[in-house]
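Observations on chain architecture
Read off the chains here:
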Amino acid sequence: MTVALHAGRRTVEVSRPDKPLFPCGITKSDLARYYLAVAAAMLPHVAGRPLNLERYPDGIDGPRIIQQRAGAHFPDWIERVTVPKQGGTVTHVLAADSATLVYLADQACITVHAWLSRADRLDRPDRLIFDLDPSDESTADVRSAAHGVGELLRELGLEPFAMATGSRGYHLTVPLQRRAEFDAVRGFAREVARVAVARDPRLTVEQRKAMRGGRILVDVMRNTYAHTAVAPYSVRARPRAPVATPLSWDELSKPSTRPHAWTLRTVPRRLEHHGDPWADIGSFARGLGAPRRRLQELQGEVGTG
């Protein structure tokens, strides 16, 4: 049995549409229809970026497959990019249209993970990400801490965009002009994180969870060539199918704004009523020259320089 979904100029056949992928009964057809519904909002955030695919052919209680390479059986109309890696190359999927998102759902790809750079300039990221990862399930402190890191970024002349990850924490994403390479961007992010930690004792840059003492990790390691971050509007492989949901800055203050507050069932309605809070993210892209100079001043003030 299959279901045909019309996605733009194409029709995509979803096989075994009634197959449950989540314990709550969400099926493969539900997943495919979700990605079709959010495609207009999601595609600007993933188009042109190499993707890693998090697949669960037997549902989220079964084995997880992290797939980098585009499958040999994938149709020719799905765009691809071949990128260099240590010892060779790998050919990734590019999501250029809604039909691709639907096809990936048919492959039981629940979560899409995207590079921080685009295929035409792989070594020059246009996104910088701070991942605020709490040591426990408390969210009030991490929301407050995210506000603090956001204010620091604004002091530097950058504009942060917040996202509930659908998992445990929040991402702050900063749009960049494509001038600096990954090493320089990650080095800048690391120094920003150190200033944030010096200002807020709830934060840490300690990667080892056992050494964090309950503090919130400000993780900048995603800002690395070939590393990925969960794409906006991706479904997460957790009960109730939570979604990585872009937020307006004001929403980050609300107690109801939990990292997994929005789901496959509720995000399409949210978009219909409120639109995409990140719709104009690209217009805020900045270089790192002036922010670096301001960061040096702040490092002197807090004693991290």
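As a starting point, this report considers the structure included with it.

The next point concerns the overall build of the chain. From N to C terminus, the chain includes six helices and 14 strands. Computed over C-alpha atoms, the radius of gyration of the chain comes to 19 Å, within 12% of the 19 Å expected from 2.2 N^0.38 for 305 residues, which places it in the range of a compact globule. Viewed in the frame of its principal axes, the chain has a C-alpha envelope of about 65 × 40 × 40 Å. For the chain, with 305 residues in total, the buried portion stands at 54%.

Those residues of helix H5 (residues 267-274) that sit buried are Val267, Arg270 and Leu271. Take H5 and look down its axis: the buried residues cluster within an arc of 95°, on one side only. Facing away from the buried side of H5, by more than 90 degrees, are the exposed residues Glu272 and His273. Of the surrounding secondary structure, the elements contacted by the buried residues of H5 are helix H1 (28-46) and strand S14 (245-246).

With that settled, consider the nonpolar core. In this structure, Tyr34, Tyr35, Met42, Phe130, Leu132 and Val235 are the most contacted members of the largest nonpolar core, which totals 82 residues. No other element matches the 10 residues that H1 contributes to this core. In this structure Met42 touches Tyr35, Leu101, Val112, Ala231, Pro232, Tyr233 and Ser234, once residues within four positions along its chain are discounted.

With mixed pairing, six strands are arranged side by side in an open sheet as S11-S12-S8-S10-S9-S14. With one partner strand each, in any of the chains shown, strand S11 (203-204) and S14 form the two edges of the open sheet. Bridge count between strand S9 (residues 161-164) and S14: two bridges; the pairing is antiparallel. Each residue of the ladder has a partner; that of Met163, found in S14, is Pro246. Of the strands in this sheet, strand S8 (127-133), strand S10 (170-175), S11 and strand S12 (216-219) touch helix H3 (residues 140-155), which is tilted by about 15° from S10.

This brings us to the side chain of Arg236. By the element assignment, Arg236 lies in the loop between strand S13 (228-230) and S14. The side chain of Arg236 sits in the buried core without any salt bridge; Glu54 is the nearest counter-charge, 5.2 Å away. In terms of polar contacts, Arg236 uses its side chain to reach the backbone carbonyl oxygen of Thr165, at 2.8 Å. Here Arg236 is in contact with Phe22, Ile110, Thr111, Thr165, Gly166, Ser167, Val230, Ala241, Pro242 and Ala244, once residues within four sequence places are set aside.

Okay, the pattern of salt bridges next. Inspection of every chain in the model, using the stated rule, returns 25 salt bridges. Bridged by salt links that share partners, the residues Glu155, Arg199, Arg294, Glu297 and Glu301 form one connected network.

Right, let's talk about the packing of aromatic side chains for a bit. In this structure the tally under the stated criterion is seven aromatic pairs. Considering the side-chain rings of Phe74 and Tyr103, the 5.3 Å spacing of their centres and the 80° angle between planes classify their relative orientation as edge-to-face. Of this pair, Phe74 sits in the loop between strand S4 (65-67) and strand S5 (80-85) while Tyr103 sits in helix H2 (residues 98-106), and the two are 29 residues apart along the sequence. Across the pair, Tyr103 and Phe74 agree in class, each one buried. When the ring of Trp115 is compared with that of Tyr225, the centres are 5.1 Å apart and the planes differ by 75°; the resulting orientation is edge-to-face. Residue Trp115 is located in strand S7 (residues 109-115), and its partner Tyr225 is located in the loop between S12 and S13; the two are separated by 110 residues in the primary sequence. Judged by relative accessible area, which is 3%, Trp115 ranks as buried.

Further remarks concern the pairing of strand S6 (residues 88-93). In this structure, S5 lies alongside S6, joined through six bridges in antiparallel fashion. Bridged to Thr82 within S6 is Thr91. Two successive antiparallel strands, S5 and S6, enclose a turn made up of two residues, where Gly87 displays a positive phi of approximately 85°.

About the thresholds
- Residues numbered from 1 in each chain as written.
- Predicted model: local features only at pLDDT ≥ 70, side-chain atom pairs only at ≥ 80, totals over all residues.
- Heavy atoms only, no water.
- Helix = DSSP H or I, 4+ residues; strand = E, 2+ residues; numbered from the N terminus.
- Rg over C-alpha atoms; globule rule 2.2 N^0.38 Å.
- Buried < 20%, exposed > 50% of the residue type's maximum accessible area, 1.4 Å probe, protein only.
- Arc of directions from axis to C-beta.
- Contact = heavy atoms within 4.5 Å.
- Core = buried A, V, L, I, M, F, W, Y, C linked by side-chain atoms within 4.5 Å.
- Pairing = 2+ DSSP bridges.
- Axes fitted to C-alpha atoms, helices over the stretch in contact; angles between N-to-C directions.
- Lys, Arg positive; Asp, Glu negative; His and termini not counted.
- Salt bridge = Lys/Arg side-chain N within 4 Å of Asp/Glu carboxyl O.
- Polar contact = N/O pair within 3.5 Å; in protein donor to acceptor, adjacent residues only side chain to side chain.
- Phe/Tyr/Trp six-rings, centres within 6.5 Å; stacked < 30°, edge-to-face > 60°.

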